[in-house]
Amino acid sequence: MKRTTFEILSRDEIRQIHQASLEILANVGVEIDEPETCKMLGEAGAHVEQGKAIVKFPESLVREALTKAPKEFTLYGRDGTHPVKLEPWATYFTTGGYATYVYDLSTGARREVVSQDLADAVRLADAIPNCHLLANPPAAPRDVSQATLDRHQWAIAFTNTRKHILSEARGYDSIQDALAMATVVAGDTDSLRKKPIITFDATVISPLTHDRLQTQEIVGGARNGIPVSISPGPMAGASSPVTLAGTIAQANAEFLSGLVVSQVAAPTAPVIYACWARHIDQRTANVTMGTPEYALLRVCQAQLGRYYGLPTRGGGVITDAKIADAQSGYEKMLTCLVPAMAGLNIVSGMAMCDSINTMSYEQFILDEEIVEITKRILDGISVSHEKIALDLIKRVGPGGSFLGTKHSLKHFKEELWIPQVSDRTTWSQWHEKGARTAEVRAREVAKKILASHPRPALPADVEKRLWKIVQEAEKKASSA
């Protein structure tokens, strides 16, 4: 049985984009606001302009980095469970966003996110089968010190899910705290290196800029054996050319510059080729993601990742709709199915709406349904003597029925997708049960999961040590 796939770039077009990216790196360069990293790159053969933070990368240095970076690796949950093996054509789904608002599960009102919302969302992610890891914890609580927000996110994530966690660390101090927490959970440094339970999320600022904290995150992750997801996010028509080919060429150059930083800092460091390239709406000047162009950019990224032999991650299951409605349905299906068919390894965006600014528990459940549909399409159709069932067709014959046959009972579950939320009853049956919309049904499922799925608690002494790291970071931040 062949996996369902989708590609749009020819081999020659991929090479054109690659060559354009190399020319950008060699002749335009990238601003890197981190003196030690600039010095390190200069010693490795890059050209660092005197008196500036502009670094130009010769093709040989990029080629060497691509040779050194591992082609496949596995991300692990905190107990060594829930492995996510990043290899060609393996696709996983997850959250994404750092939302600052949430739709309250009880009242439906949109309000600022607090820590309990993040804990509930993480616990929901732990329970949902097709949320394979926790990426960009889907909420950024406003009831904690924003100077140590990332530490709170790490601690809440560790104490509410067994799955792998991908999140940001803001500079060397933050990196050390995240590593300390991960080490406490993993048991020791060697265990953490052998089976990494965290990944760092580093953002490239478009156009062509690595700021100090994000650069330190790439270097710190590489030197400590922690995978780093390096993610450009240019906006076509604003921080990159309005043409999709120009945007992906620039984004590719931005990623490759980060890849070189990681491989010079620590050869063979695991790196994920991430990208959130999107465009602005020409009428409103707002960033937009639930678009066909957004999906097409993920296809280009997936193809470039395979061209380089690198694992990939990008936004998907994304919508600009403000609530779980018809618009969110068709936009999320588009931005989930197309990147998945293209072979993007990690598709991030479950639980999010409002251009990833607002989290919705109901949307999380509906996204699980969308992912299930996508996975069914990826599975394709199995063709064999048993599946063609010619003998059965002959036996039943004209006017007969296949209901209740052993063949139907044997194969219906593997052949036919069965929804958990979608309604397939008649209108009268639906009306008699209260005429509940998909959003209402999803809310009921979310409440049921949160009421029944226990928090996967760590040993009490481990949790105490995690929160002590957070408290120490808060003391340090308040005295700075």
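These remarks concern the structure in this document. (Residues numbered from 1 in each chain as written. Predicted model: local features only at pLDDT ≥ 70, side-chain atom pairs only at ≥ 80, totals over all residues. Heavy atoms only, no water.)

Attention shifts here to the pairing of strand S18 (residues 312-315). Inspection of the sheet shows strand S15 (residues 271-275) paired to S18 by 3 bridges, in the parallel sense. From the neighbouring strand, Tyr-273 faces S18, where its bridge partner is Thr-312. Summarising the sheet, S18 and strand S19 (residues 346-350) pair through 3 bridges and their orientation is parallel. The residue of S19 that forms the bridge with Gly-314 is Val-347. Following the chain from S18 across helix H11 (residues 326-341) to the adjacent parallel S19, one finds a crossover that is right-handed. (Pairing = 2+ DSSP bridges. Helix = DSSP H or I, 4+ residues; strand = E, 2+ residues; numbered from the N terminus. Right-handed = clockwise from strand over helix to strand, strands pointing away.)

Let us look at the packing of aromatic side chains. Under the counting rule described, the total for this entry stands at 6 aromatic pairs. Plain terms: the ring middles of Trp-154 and Phe-158 are 6.1 Å apart, the flat faces sit at 25° to each other, and that makes the pair stacked. Of this pair, Trp-154 and Phe-158 both sit in helix H5 (residues 149-158), separated by 4 residues, roughly a single helical turn. Of the two residues, Trp-154 and Phe-158, neither departs from the other in class, the shared state being buried. (Phe/Tyr/Trp six-rings, centres within 6.5 Å; stacked < 30°, edge-to-face > 60°. Buried < 20%, exposed > 50% of the residue type's maximum accessible area, 1.4 Å probe, protein only.)

This part covers the pattern of salt bridges. Considering all chains together, one arrives at 26 salt bridges under this definition. Across the pair Lys-475 and Glu-472 runs a salt bridge, and its minimum N-O distance is 3.8 Å. With Lys-475 and Glu-472 both in helix H18 (residues 460-479) and 3 residues apart, the pair spans about one turn of that helix. With a relative accessible area of 53%, Lys-475 lands in the exposed category. Each of Glu-49, Lys-52 and Lys-56 takes part in salt bridges that share partners, so that together they form one network. (Salt bridge = Lys/Arg side-chain N within 4 Å of Asp/Glu carboxyl O.)

Let us look at the layout of surface pockets. By volume, the largest pocket is sized at about 490 Å³. Along the walls of the largest pocket sit 22 residues, with Tyr-98, Thr-203, Trp-276, Arg-278 and Ile-356 positioned nearest its centre. For the lining of the largest pocket, the elements supplying multiple residues, two or more each, are strand S11 (198-204) and strand S13 (228-232). Sorting elements by how many residues they give to the lining of the largest pocket places S11 first, with 3 residues. Of the volumes computed, that of the second largest pocket is approximately 230 Å³. Together, 16 residues line the second largest pocket, and Gly-329, Leu-366, Ile-370, Ser-422 and Ala-438 are the ones closest to its centre. Counting residues per element, the ones that place at least two in the lining of the second largest pocket are H11, helix H12 (361-379) and helix H17 (438-452). Of all the elements, H12 adds the most residues to the lining of the second largest pocket, at 5 residues. Here the residues of the lining of the second largest pocket sort into 7 nonpolar, 4 polar and 5 charged. (1 Å grid on protein atoms, 1.4 Å probe; cavity = no way out; pocket = protein on both sides within 12 Å on 5 of 7 lines; lining within 4 Å. Points joined across faces, edges and corners; volume = space filled by probe spheres on them. Nonpolar A, V, L, I, M, F, W, Y, C, P; charged D, E, K, R; others polar.)

The pairing of strands in a sheet comes from backbone hydrogen bonds and takes either a parallel or an antiparallel form. Read from one edge to the other, the open sheet built from 4 strands follows the order S2-S3-S1-S12, with strand pairing classed as mixed. For this open sheet the edge positions go to strand S2 (47-48) and strand S12 (209-210), each flanked by a neighbour on one side alone. Pairing between strand S1 (residues 30-32) and strand S3 (residues 54-56): 2 bridges, direction antiparallel. The partner of Glu-31 across the bridge, within S3, is Ile-54. Of the strands in this sheet, S1 and S3 are in contact with helix H1 (residues 11-28), which crosses S3 at around 130°. (Contact = heavy atoms within 4.5 Å. Axes fitted to C-alpha atoms, helices over the stretch in contact; angles between N-to-C directions.)

A complete count under the given rule lists 0 disulfides for this structure. Of the cysteine sulfurs around Cys-336, a residue in no disulfide, the closest is that of Cys-131, at 12 Å. Look at Cys-336 and you get buried, because its relative accessible area is 0%. (Disulfide = S-S within 2.5 Å.)

Right, let's get into the sheet that holds strand S14 (residues 235-236). With mixed pairing, the 3 strands of this open sheet are ordered in space as S14-S16-S17. Looking at the sheet topology across the chains shown, the edges are occupied by S14 and strand S17 (287-288). Bridge count between strand S16 (residues 278-280) and S17: 2 bridges; the pairing is antiparallel. Along S17, the bridge assignment pairs His-279 with Thr-288.

In this section: the environment of Ala-249. The topology assignment puts Ala-249 in helix H9 (residues 244-265). Along the chain, Ala-249 and Gln-16 lie 233 residues apart, while their C-alpha atoms are 8.8 Å from each other. Those residues in contact with Ala-249, other than ones at most four positions away along the chain, are Ile-17, Ala-20, Ser-21 and Ile-24.

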